Amino acid sequence: MTNFKKLNTKIYERKGPDITPDLIYWKQLTQPVLVKEFGAIDYIDFSPKEPHYFAVTCSVRVQIYNPITKLVTKNLSRFRENAYGAVFRSDGSLILAGGEEKNVKLFDVSTKSMLRLFKGHSAPVHRVAFVHKEPQIVSFSDDKTIKVWDIPTEKTLYTFEGHSDYIRAGIVSPDVPNVLLSGGYDNIIKMWDTRMNKEVMVMDHKSPIESLLFMPSGGLFLSAGGTDIKIWDALAGGKLRGSLAQHHKTVTCLRLASGGKRLLSSSLDRHVKIFDVGSFKVVHTLNFPNAILSLGIAPDDSTVAAGLADGVIAVQRRTDTTQLPKPTKKLPFQYKHNEIPQGIDEVIPDLTYDKEAKYNRFLRKFEYSKALNASLVPFVANKHPERTVALLRELQKRKAFAKSLKERDPKVLKQLVRFLIRYITDTRLKRFLIDVADEFLDIIAEYCHTLPADIRLLLVQLHEAVVREEQLAKELTIVQGMMQTLLAAQVSLEADTSVQYKVSKLQKEEVDTK
């Protein structure tokens, strides 16, 4: 007797994301632990030293959190008004913060005492930075100036002016401590050199600047503004090398991870995009429950902290991959391939039988009603809809779909209509399910008025779902027509430009010849 051929359900399986090393690596981050603060999170910065505590600037204080316990270990509250942009020094012993009070404050992390107070700005200071390997700091203010301060004397060493709007982004080059970058709400990025005491480069981002970042090589730097991240070449005089447009709302923060091999960008669209620095392609995406205003990541990638617009800090920790694997079942003894003991001519393997699904068993017995009922149970219909669709296709091939509904079981009818409502808009299945729905309505048309009220209500919902899908298809067709018109216009414009260029070139050649 030949074995019964099972239904082929693999062709309907949903394709998942490609399993890449980045997917495996970033999936090790746990679900976010949410910590409520008293206001919007302005800035998050991780200590370079283990255990990598992170400072959260929010409202009128700077709080230092333990990344493991998610509890506050220290609270810097020497602010009468909002604090902004607190950052750690490279040794993790000092914290620098600006604020609404127009001053810059320097704190000792261990004692929480304020060591220095830098006065001189006439408007709030939103971003500050330490100068690498120098006893200096830099402040970027809403008074449209950048100031370089001497830490021991609290005096201003340099003042740079040139922006026409608030400066909300600034950074010091990690390789050349004399080079600064500032980005303002005037859409302009300026590079300053303290050795020459002037600006050396000007770039136009076309949108208000929210964040700046030097790449590890030092030759490239990034700017975030609007929905774009732009790549600039400092060695080529600030030439634009490319633009990344992976967000659909304002990009708020840029960070480096994995030793400078990965770039993280956060946005008001609630996503954190992770880019490969080598190709600038998105390798993974992290999702959060609200708009992201600030982002921080530990130097060893062990913790990711996102500051949300509703005053919540979402903290994700990497799972410990050094744990011992779970014990596995002890397998029965088996001879290795091509290893047959002496004295034995042949080893016959044990026969294994797969468990037969109920709907396959009923199909084999030509019990079509029971097969349809078995494929519509919630576990199969919800978890594996491709199996239900495969059975419906088989019933149509056998011309037995009407026979399977002959008993008019209200339970089966209700389950079938609910299945159609749920999956008739699924791109994988809708083409076939539309035919099934059409045939189903033809079958029940004669006795539709005798059906229970709840089934008739489900039929109305099915109609509404089809109408919505039809309306969506019409709108997409209109959008497609618009896109084709725009592309055709662009091609025509490029062709006209090319013709004009060739004509002007020929005219110039004629003039030169004369």
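Refer to the structure presented above.
My aim in this report is to walk through the structure given alongside it, one point at a time. Here the structure is a predicted model, which means the values were calculated and not measured. (Residues numbered from 1 in each chain as written. Predicted model: local features only at pLDDT ≥ 70, side-chain atom pairs only at ≥ 80, totals over all residues. Heavy atoms only, no water.)

## Examining the sheet that holds strand 21 (residues 239-244)
Taken in spatial order, the four strands of this open sheet run 18-19-20-21, and their pairing is antiparallel. Each edge of the open sheet carries a strand with a single partner, namely strand 18 (209-214) and strand 21. The mean inter-strand angle of the sheet, taken between neighbouring strand axes irrespective of direction, is 25°. Looking at chain direction, strand 18 and strand 19 (residues 220-225) are connected through five bridges and run antiparallel. The residue of strand 19 that forms the bridge with S211 is A224. (Pairing = 2+ DSSP bridges. Helix = DSSP H or I, 4+ residues; strand = E, 2+ residues; numbered from the N terminus. Axes fitted to C-alpha atoms, helices over the stretch in contact; angles between N-to-C directions.)

## Here we look at empty space enclosed by the protein
Any space left empty among the atoms is revealed by the rolling of a water-sized probe across them. Per the stated rule, a full pass over the model turns up one cavity of 30 Å³ or more. In this structure, the largest cavity spans a volume of roughly 40 Å³. Looking at the lining of the largest cavity, the elements with two or more residues in it are strand 7 (94-99) and strand 8 (103-108). Taken together, the residues that form the lining of the largest cavity break down as one nonpolar, four polar and four charged. (1 Å grid on protein atoms, 1.4 Å probe; cavity = no way out; pocket = protein on both sides within 12 Å on 5 of 7 lines; lining within 4 Å. Points joined across faces, edges and corners; volume = space filled by probe spheres on them. Nonpolar A, V, L, I, M, F, W, Y, C, P; charged D, E, K, R; others polar.)

## A closer look at the packing of helix 5 (residues 385-397) against helix 8 (residues 430-444)
Orientation of helix 5 relative to helix 8, taken along the N-to-C sense of each, is 55°, at an axis distance of 11 Å. Classified by the angle between their axes, helix 5 and helix 8 sit oblique to one another. As helix 5 packs across helix 8, the resulting crossing turns out to be left-handed. Residue-level inspection shows V389, L392, R393 and Q396 of helix 5 in contact with helix 8, the latter providing F432, L433, D435, V436 and E439. Per-class residue counts for the contact of helix 5 with helix 8 are five nonpolar, one polar and three charged. (Parallel < 35°, antiparallel > 145°, perpendicular 65-115°, else oblique. Left-handed = near helix turned anticlockwise from the far one by under 90°. Contact = heavy atoms within 4.5 Å.)

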